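# Breakdown of the fold
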Amino acid sequence: SSDVCSSDLGARSVLRRALADAERDRLIDHNPAALARSHAGPVQRLVAPSVPTVNAVLDALASHRLSALFVLDALTGLRLGEVSGLRWCDLDGATIHVRVQLQITRDPEEPFVLTEPKTAQSRRDILLAPSAVEALRVHRLRPAEERLAAGSGWKNVSDLIFTNAEGEPLHPNTIRWVLAQGI
């Protein structure tokens, strides 16, 4: 079938490399996976939204408790795991130091962990636009208000800039859902 899911493509790639290693080590005569045709279609390129579209989305989300996240994301292009993993200690004046990202785990005891980005290029410093600095300044008051409202239910122990209303890490799907509602 021409509908091959990405996990199948990943499995095919792993198999092809494993068989190539076996061929190189002379454990097999030839790599049968090298003869297989890929059914992958063309790579879809994302088209960046126009400035008016981004402004309209930011305007629609201006009163949302995570509006600073959307401003920061629109102005920096941070990945969801990166923006979700930002800590107050990563903010240095008008510079954000991207050193960790929030990763979802399958561990029910610890469903989120902060990990280093996969590549050295992903660990970077980003100079923020004045509007992003202002959005973060305003946002800084929100967790204090939410902590008071949550009382003993407050769970933020990781210094995260963006959390849910109880101080827990934000699931990337939550961010996607809010964006879909704002559009």
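Here the structure is shown first, and the text comes after it.
What comes next concerns the included structure. Keep in mind the model is a prediction, meaning the values are calculated, not measured.

## What about the packing of aromatic side chains?
For the structure shown, the criterion picks out zero aromatic pairs. A cation over an aromatic ring shows up here: Arg140 above the ring of Trp88, its NZ or CZ 4.1 Å from the ring centre.

## A look at the sheet that holds strand 2 (residues 95-98)
Taken together, three strands build an open sheet; the order of strands is 1-2-5 and the sheet is antiparallel. Each edge of the open sheet is held by one strand with a lone partner, namely strand 1 (91-92) and strand 5 (124-127). Sheet topology note: the strand 2/strand 5 ladder contains four bridges and is antiparallel. Within strand 5, the position partnered with Ile96 by the bridge is Ile126.

## Section: the environment of Ala68
In this fold, Ala68 is placed in helix 3 (residues 67-76). With 71 residues separating them along the chain, Ala68 and His139 place their C-alpha atoms 6.2 Å apart. Setting aside residues up to four positions removed in sequence, Ala68 forms contacts with Ala135, Leu136, His139 and Phe162.

## Here's the deal with the packing of helix 5 (residues 130-139) against helix 6 (residues 141-150)
Close contact between helix 5 and helix 6 brings their axes to 4 Å; oriented N to C, the two are set at 20°. Relative to helix 6, the element helix 5 lies roughly parallel. For the pair formed by helix 5 and helix 6, the contact residues are Arg137, Val138 and His139 on the first element and Leu141, Arg142 and Pro143 on the second. The residue makeup of the contact of helix 5 with helix 6, split by class, is three nonpolar, one polar and two charged.

## Details of the nonpolar core
By size, the foremost hydrophobic cluster in this structure holds 25 residues, and its most contacted members are Leu69, Leu72 and Phe162. Only helix 3, helix 4 (80-84), strand 2, helix 5 and helix 7 (172-182) provide two or more residues apiece to this core. It is helix 3 that contributes the most residues to this core, five residues altogether.

## Remarks on the side chain of Asn31
Mapped onto the elements, Asn31 comes out in the loop between helix 1 (6-24) and helix 2 (51-60). The contacts of Asn31, once residues within four sequence positions are left out, are Arg16, Leu19, Ala20 and Glu23.

## Some remarks on helix 5
Because the α-helix completes a turn every 3.6 residues, residues three or four places apart line up on one side. Along helix 5, the residues classified as buried are Ala132, Ala135, Leu136 and His139. Along the long axis of helix 5, the arc covered by the buried residues comes to 95°, so they all point the same way. For helix 5, the exposed residues set more than 90 degrees away from the buried face come down to Pro130 and Arg137. Looking at the packing, one finds that the buried side of helix 5 touches helix 3, strand 1, strand 2 and helix 6.

Thresholds applied
Residues numbered from 1 in each chain as written. Predicted model: local features only at pLDDT ≥ 70, side-chain atom pairs only at ≥ 80, totals over all residues. Heavy atoms only, no water. Phe/Tyr/Trp six-rings, centres within 6.5 Å; stacked < 30°, edge-to-face > 60°. Lys NZ or Arg CZ within 6 Å of the ring centre and 35° of its normal. Pairing = 2+ DSSP bridges. Helix = DSSP H or I, 4+ residues; strand = E, 2+ residues; numbered from the N terminus. Contact = heavy atoms within 4.5 Å. Axes fitted to C-alpha atoms, helices over the stretch in contact; angles between N-to-C directions. Parallel < 35°, antiparallel > 145°, perpendicular 65-115°, else oblique. Nonpolar A, V, L, I, M, F, W, Y, C, P; charged D, E, K, R; others polar. Core = buried A, V, L, I, M, F, W, Y, C linked by side-chain atoms within 4.5 Å. Buried < 20%, exposed > 50% of the residue type's maximum accessible area, 1.4 Å probe, protein only. Arc of directions from axis to C-beta.

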